[in-house]
Each structure stands twice: as C-alpha cells, then as structure tokens.
Amino acid sequence: MPDVQLVLRSTRVITPEGTRPASVTVADGRIVDVLPHDTEVPPGARLEDVGDDVLLPGLVDTHVHVNDPGRTEWEGFWTATRAAAAGGITTLVDMPLNSLPPTTTVDHLRTKREVAAARAHVDVGFWGGALPDNVEDLRPLHDAGVFGFKAFLSPSGVDEFPALDREQLDRSMMEIARFGGLLIVHAEDPHHLASAPQRGGPKYADFLASRPRGAEVTAITTLIEQARRHGARVHVLHLSSSDALPLIAGARREGVAITVETCPHYLTLTAEEVPDGASEFKCCPPIREAANQDVLWQALADGTIDCVVTDHSPSTADLKTDDFATAWGGISGLQLSLSAVWTEARKRGHDLQDVVRWMSTATARLVGLDARKGAIAAGRDADFAVLAPDETFTVTPAALQHRNRVTAYAGRTLYGVVRSTWLRGERVVADGEFTEPKGQLLTRPS
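Residues numbered from 1 in each chain as written. Predicted model: local features only at pLDDT ≥ 70, side-chain atom pairs only at ≥ 80, totals over all residues. Heavy atoms only, no water.

**Student:** Explanation requested: the layout of surface pockets in the structure shown.
**Tutor:** Regions of empty space are outlined by a rolling probe, equal in size to a water molecule, passed over the atoms. By volume, the largest pocket is sized at about 600 Å³. What lines the largest pocket is a set of 37 residues, and nearest its centre among them are P155, R211, K282, C284 and G329. Looking at the lining of the largest pocket, the elements with two or more residues in it are β10 (149–152), α5 (190–195) and α6 (204–210). Surrounding the second largest pocket, 24 residues form its lining, A86, Q335, F393, A399 and V418 being those nearest its centre. Elements supplying a minimum of two residues to the lining of the second largest pocket: α1 (77–86), β15 (384–394), β16 (413–423) and β17 (426–430). For the lining of the second largest pocket, the leading source of residues is β16, giving six residues. Residue composition of the lining of the second largest pocket, by class: twelve nonpolar, ten polar and two charged. (1 Å grid on protein atoms, 1.4 Å probe; cavity = no way out; pocket = protein on both sides within 12 Å on 5 of 7 lines; lining within 4 Å. Points joined across faces, edges and corners; volume = space filled by probe spheres on them. Helix = DSSP H or I, 4+ residues; strand = E, 2+ residues; numbered from the N terminus. Nonpolar A, V, L, I, M, F, W, Y, C, P; charged D, E, K, R; others polar.)

Here you go:
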C-alpha cells in the first residue's frame, strides 16, 4: 500500500454509511481509508482540516453541453470545466451535439478528445450520438469508450443532429441492445408538439402551452414499448412532466431497464415565476408549474427519479431574445447546480446525504463509474467538494465561470458555498483561484 500523502479532516464527512466526523486518507490520487476524526496523521502526510465544513464526494454531472469544438463561442472545455469545478463537480460527461462535428463517429470522437485534453479542469467523458443514418457507427463508438448514445425523438434545435422517427429508434435501439449499450433519450413526441398551439412572442404561458406534458408521456410510452421488446437499457433525459412518472414506475415493476433524470431548474424554478420575455428560463422540455414540481420532488424521495443533472446548455447572449418561440432553449446552471438543489432540498426536509445520492452516487452508477466516483470510500478517486452548507450567496452573473454569463438564477440567494474542489487528491479550485487543468479524459469501463 502506498504511503499516505494527504489527510482531509472534517467534522462532517458524507460517506455511504452516513455523515460523521472523519479523517480521509489519500495516496496516489485514491482514497486509502475513512478513519475516525482524531486519527493521528501518518508521518510525511499533509493535513487539511476543513473544520465544520462538509466534505462530500465530487459531483458527477452526466448531462453537459460543452459545444466544443465548432461552437466554442457558446461555451468550451476550458470555461465549462472551470464552472464545474467552481460548483463542486469533479466529473462531467459531454453531450454529442452542439459541437461541430457532433460525436457520431469514431473520428469525430477523436476530434473532441483532442480538443478537450489540455483544457479540462475536471474529468471528462463523452456520450455518442444515434442519428438516422449512423447505426453502423454505434458499435465502433461503444468500443472506443463512449458511455452510451443520445437520441432525440423531436427536433434537436441543430440541423446536424436530426431526430429519430419510430422505425429509426427501433433500429438504433436494437443495435445498442446487441452489445449491451445504454440509449439516453430526449423524449418529446413530435406529433404531439406539432398539434400544440404555436404562438411566438414574449409570453411564457404561450411557450409552455407549445410543449405540453402529453408530448413527454407519449414519447416515454413509445420508449418503454421498444425497450421491453428489445431488452434494452434506456434512460429518460431531463424529465419535466410528472405525468410520466406512473409509466416509468410501472415499467420498472415489469422488469424494463429504464432510469430517469431531472434537472435543478425543474426542481427550483416554476412557470408561475418566469417573467415574460425572460428567455434565460427557456428550455425543452419546459419549466412547469409549482404543483408539477412538488410531484417531481416526491419522485426523487421515493426513488422513481434516479438522479439530478444540469443539462447545462448555454448559448451566446444574442440568441436569448425576448421571443420564446425563436430564442435558444437551454439553461446555464453548471456552476450553481449544487447550491440550487441544496437550497430547495433543505426547505423540503432533505439532507445533504440525499443530494449526494442524486447528484454523485446515482450519476456515477448510471455511466458505470461507481467503482471510481460518487462516494467517499476506500479505493475511490480522491475527488471532493468542501461545502459550507449554511452560508448563503446572491447569484451575480459576473461571478460565473461560464463563457456566456446568462443565468435564470440571477439575483437569487442560495445556500451552500463551495469552498474548494479536489480532483484525485489535488485542490483544483479554492476561493475562486484555479490551478492549471488537471482533468483526465474518461472512457466507459469495459
């Protein structure tokens, strides 16, 4: 066993067995042990005592649009991973679209990895994409280490990443099931969307009516039917409609391998509070009513919803016009996700152990990284966030690390100040000061 090089000590360490005072020993970037708080520091080891601040495992965000290369003016690996680190996120998985080229062939994956390699402040993995014409690329991408494949059932918003119709979904799912891959799906039914009222302009109520709950329900029904037939593993992305929850729970009881995520904006923002013309709140599917939000929280509590991820999907500020029909749809929340979720969770009687389960443990499990990430336990990567959970701050866009500092959280007071973030036993950010990039590029465990 290598000699211990670092001891991180706190009166509140979140472990799989509960929150307790502890000293966490680290060697060669891995956790060696979680010991009693007053354990003697081994000779030659450095002690970092964070006092009463909470030591929690670094978050794992499996839904991030970095947009690099090709639309780097929208975000980029340098800025996205700095924002992640500032928010206590130590691992992210990049979505295959909004970059040029999209991650839909092995060559395109190679391009993405080359761009990310020197710019990542946190660990980065990659999703592949399932398009109408790339079924033959799916297995090679899987073999090259992508964590799974994203598909849209309705228009994606960018021409180079078209949606799958029912037959194309069936074909892609059958191929992915053959090699045991994971299909992750933006589940809104295009026919349902086409039949909804489409009114342009600044009124949020009109935009909300254009993306009805039934579009999610219909698409998820189709997804479940096909997953049942093929024995496939499927994951529902960014669930906003609580109406779909009974379908998902029923499918699981029948043995369908389906998981589901939701996002901080669905859990903390409501349709009733969105000002007209404020397209920083626009995303697809949309932020819905407070009553819907209450049911999403209940589903998190009972385990129907597995995890919480950001769906960080930024753009340049000029694309966030005051017309909800034409404005870019995406919420920028990477740096604020932990604090936003914690602020609402504590109001609803949840603790940080719950937040860690939703935003670190379950997400690591989703992408097969749970042997390395998602918990403070012996053998895991020494990835940590140090959080002052009872301190508050007011969101100021100028303080964000995102390339384009447009945020739906501007002016909100949030609980939970991230003091520092650690990657494999090295502090990568503390009090707003960053080291040079130390992130690694991850591949799916074989």
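**Student:** How should the packing of helix α7 (residues 213–230) against helix α8 (residues 245–253) be read in this particular structure?
**Tutor:** Where α7 contacts α8, the axes come no closer than 10 Å and their chain directions differ by 10°. Here α7 is positioned roughly parallel relative to α8, judged by the angle of their axes. Counted together, V217, I220, T221 and I224 of α7 and L247, I248 and A251 of α8 form the full contact between these two elements. When its residues are assigned to classes, the contact of α7 with α8 shows six nonpolar, one polar and no charged. (Axes fitted to C-alpha atoms, helices over the stretch in contact; angles between N-to-C directions. Parallel < 35°, antiparallel > 145°, perpendicular 65-115°, else oblique. Contact = heavy atoms within 4.5 Å.)

**Student:** Sorry, what's going on with the nonpolar core here?
**Tutor:** Nonpolar side chains tend toward joint burial in soluble globular proteins. Counting 97 residues, the largest nonpolar core has F149, L183, L239 and V355 as its most contacted members. Here F149 is in contact with W127, G128, G129, A130, L138, L141, H142, I176, F179, L182, L183 and I184, once residues within four sequence places are set aside. Membership of the second largest hydrophobic core comes to 18 residues, among which are F147, L182, I184 and L237. (Core = buried A, V, L, I, M, F, W, Y, C linked by side-chain atoms within 4.5 Å. Buried < 20%, exposed > 50% of the residue type's maximum accessible area, 1.4 Å probe, protein only.)

**Student:** How do you make sense of empty space enclosed by the protein when you look at a structure like this?
**Tutor:** Applying the stated criterion across every chain, the model contains four cavities of 30 Å³ or more. Looking at the largest cavity, its volume works out to about 60 Å³. The wall of the largest cavity is formed by E280, S313, P314, S315, K320, G330, I331, S332, N404, V406, T407 and A408. The class makeup of the residues in the lining of the largest cavity is four nonpolar, six polar and two charged.

**Student:** Help me out: how do you make sense of the environment of V115 in this one?
**Tutor:** Within the secondary structure, V115 sits in helix α2 (residues 106–116). Take V115: its relative accessible area is 17%, and that puts it in the buried class. The spacing of V115 and P43 is 72 residues in sequence and 41 Å in space, taken between C-alpha atoms. What V115 contacts, discounting residues up to four positions off in sequence, is D68, P69 and F77.

**Student:** Explanation requested: the state of the cysteines in the structure shown.
**Tutor:** Covalently bonding the sulfur atom of one cysteine to the sulfur atom of another cysteine gives a disulfide. In this structure the tally under the stated criterion is zero disulfides. Not part of a disulfide, C284 finds its nearest cysteine sulfur in C283, a span of 6.8 Å. (Disulfide = S-S within 2.5 Å.)

**Student:** Help me understand unusual backbone geometry, please; the structure alone is not making it clear to me.
**Tutor:** Negative phi is the rule for most residues except glycine; trans is the rule for most peptide bonds. Residue P69 follows D68 across a cis peptide bond; omega there is 0°. Mapped onto the elements, P69 comes out in the loop between β6 (59–64) and α1. The phi torsion at D28 lies on the positive side, around 50°, for a residue other than glycine. Topologically, D28 is positioned in the loop between β2 (18–27) and β3 (30–35). The class for D28 is exposed, based on a relative accessible area of 54%. Within the chain, D431 stands out as a residue other than glycine whose phi angle is a positive 50°. Assignment of secondary structure puts D431 in the loop between β17 and β18 (433–434).

**Student:** So what exactly am I meant to see when it comes to the sheet that holds strand β9 (residues 128–129) here?
**Tutor:** Paired through backbone hydrogen bonds, the strands of a sheet run either parallel or antiparallel to each other. Strand order in the open sheet made by the six strands is β9-β10-β11-β12-β13-β14, with parallel pairing throughout. In this open sheet, the two strands that pair with only one neighbour each are β9 and β14 (307–308). Sheet topology note: the strand β13 (residues 257–262)/β14 ladder contains two bridges and is parallel. Bridge assignment links E261 to a residue of β14, and that residue is C307. Contacts between α7 and the sheet are confined to β11 (182–186), β12 (233–236) and β13, with β12 contributing the most and set at about 170° to the helix. (Pairing = 2+ DSSP bridges.)

**Student:** Got a minute to help me understand the sheet that holds strand β8 (residues 123–126) in this structure?
**Tutor:** Read from one edge to the other, the open sheet built from three strands follows the order β6-β7-β8, with strand pairing classed as parallel. Looking at which strands have only one partner, the edges of the open sheet turn out to be β6 and β8. Mean inter-strand twist for the sheet, computed between neighbouring axes without regard to direction, equals 20°. When β6 meets strand β7 (residues 89–94), the two strands line up parallel, connected through four bridges. Along β7, the bridge assignment pairs V60 with T91. On top of the sheet, α1 reaches β7 and β8; it is set at about 140° to β7, its chief contact.

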